[in-house]
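Coordinate inspection notes
Chain by chain, the residues:
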Amino acid sequence: MEEIPKTNFSLKDVVSISDFKREDIEAVLNVAECMEKLPKERKSSLLKGKIVASLFFEPSTRTRLSFETAIQNLGAGVIGFADAKVSSVKKGETLSDTIRVVSGYADIIVMRHYIEGAARLASEVSSKPIINAGDGANQHPTQTLLDLYTIKKAFGKIDGLTIGLLGDLKYGRTVHSLAQALSLFDKIKLAFISPEELKMPEHIKEHIKGIKYEEFTELAAVLPELDVLYVTRIQRERFADPAEYEKVRGKYIVNKESLKGAKECLKIMHPLPRVNELSPELDQTKYALYFEQARNGVPVREALLYLLKDVRKW
Amino acid sequence: MVKKTKDGLYIKPIKKGTTIDHLPAGTAFLVLKIIGTPEDTITVAVRVPSRKLGIKDLVFAENKLLSEEQIAKIALIAPNATINIIENNQVKQKIRLQQPSEVKGLIQCINPNCITNVENIPSRFYIDKNGIAKCHYCERTMTREEYIARIRV
């Protein structure tokens, strides 16, 4: 019978990827791997009798549905809302009060909020663990964990890989968190590929000083070295001058043509939803890993729920 | 406490109160804001020649003792300043300021969408060795110039 690995997971809340040590990440990835192998009946007893609150103050499709799938797969009951309009927030209740009240009902709280720092505040007032499912433009740690899980599943390891991050590296929170998390691994090489205007910010580069990274404005300049290409969308509104946007946007569209010269084993990832930066002609190729990446959200979120199920902070 | 400049000019010493020395040029007026409305004489010298800093500002506040919060705020503006507490024309206590590594409730976050600007909770920042402040809640960073402009007075 498949055994769930014993881990040294040290966190009481999952608020920000910067709270994670390498061992914490590995604990999540190992348990997630096990979740995929566990028989359904066994899995559905792991959180039996527990209640998970799913508080989505801001709408979300993928994240909410994959969390709620994970909750149900583990046999827990789910309470909550998918839109703040139907919660007491509409009556003017503070976030702190909402969370204090819900932490009296639920064993774990999953929350997404449009205000940055909302999850950190929630973790300070809740006696039960908080899982941040996105706080405004700040953190989305479960996305990073599922990205890492996807890489590990595809290559059998994370150490030693060369990973290209392409697109909007200035504002994209997914690439910031991913670069931060990857810096905890060994012999990682990162390639930041973006227009001049959307380069990786200094404070993120400062944070990942320990690893090798290089910056490029053209994908072709580094493509042959890449094991993973992580694509993000470049938004028109990020450019003060629309002509500048038009000039660069074609350069960062990934299709069969732009992948000429890539390694056989190259894998393409994308946090989705995509617009036109990733051509559908790649969907059926050996490079495409993005739909599997989205599917991996479920076992990773199951692992987090499992690891936090008995945490009581006070 | 008595400062002689290269030109041989003196700033009048105080008998009792607090002197703040080694303020970076241009920061004296911010320090005055932090000290608040004076009940007694405050002497300010701006752009005084200094061996250590080239030029500096000075603030002498008569009969005034600063609170811990005021000192913490001055440390944000001028982490290398020296505060002297004066009694009977003598330095009773010398406080060499240091850049704090963490500050609570003193600065407003630059991010309008930060929870500390939405709910009534004290802000909290971590300041690194380069003087960059990171919000405990929204994780946005601010340069020294940015957070000095946001000190709550």
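This write-up is about the structure you can find in this document. (Residues numbered from 1 in each chain as written. Chains lettered and ligands numbered in written order. Predicted model: local features only at pLDDT ≥ 70, side-chain atom pairs only at ≥ 80, totals over all residues. Heavy atoms only, no water.)

Re the sheet that holds strand E9 (residues 141-142) of chain B
Residue and element names in this part refer to chain B. In space, the four strands of this open sheet follow the order E6-E7-E8-E9, with antiparallel pairing throughout. Of all strands in the sheet, those with a lone pairing partner are strand E6 (102-104) and E9, marking the two edges. Inspection of the sheet shows strand E8 (residues 133-135) paired to E9 by two bridges, in the antiparallel sense. Across the sheet, residue Ala133 finds its bridge partner in E9, namely Met142. (Pairing = 2+ DSSP bridges. Helix = DSSP H or I, 4+ residues; strand = E, 2+ residues; numbered from the N terminus.)

Description of the pairing of strand E1 (residues 17-24) of chain B
Side-chain positions along a regular strand alternate between the two faces of the sheet. Residue and element names in this part refer to chain B. With seven of eight residues buried, E1 is to be regarded as a mostly interior element. Taken together, the six bridges between E1 and strand E3 (residues 54-62) define a ladder with antiparallel strand orientation. The residue bridging Gly17 from the neighbouring strand is Glu62, located in E3. With five bridges joining them, E1 and strand E4 (residues 82-87) adopt antiparallel strand pairing. Within E4, the position partnered with Gly17 by the bridge is Ile86. (Buried < 20%, exposed > 50% of the residue type's maximum accessible area, 1.4 Å probe, protein only.)

Overview of a nonpolar patch on the surface
Residue and element names in this part refer to chain A. A surface patch of nonpolar side chains, amounting to about 280 Å² of accessible area, comprises Ile79, Val101 and Tyr105. When you line up the elements, Ile79 lands in strand E2 (residues 77-81). Given a relative accessible area of 33%, Ile79 falls into the partly exposed group. (Patch = residues over 30% accessible without salt bridge, like charges linked within 9 Å, V, L, I, M, F, W, Y side chains within 5 Å. Areas by Shrake-Rupley, 256 points an atom, 1.4 Å probe, with all protein chains shown as cover. Salt bridge = Lys/Arg side-chain N within 4 Å of Asp/Glu carboxyl O.)

Comments concerning unusual backbone geometry
A negative phi angle characterises most non-glycine residues, just as the trans form characterises most peptide bonds. Here the bond from Leu272(A) into Pro273(A) is cis, since omega is 5 degrees, no more than 30 degrees from zero. Tracing the chain through its elements places Pro273(A) in the loop between strand E9 (267-269) and helix H10 (290-295). In the Ramachandran plot, Leu272(A) falls in the positive-phi region, its phi being about 55 degrees despite a non-glycine side chain. With respect to the helices, strands and loops of the structure, Leu272(A) is situated in the loop between E9 and H10. When its relative accessible area of 14% is taken as the criterion, Leu272(A) is described as buried. The backbone of Asn63(B) shows a phi angle near 55 degrees, a positive value even though the residue is not glycine. Along the chain, the position of Asn63(B) falls in the loop between E3 and helix H2 (68-77).

Read these as geometric descriptors, not functional statements.
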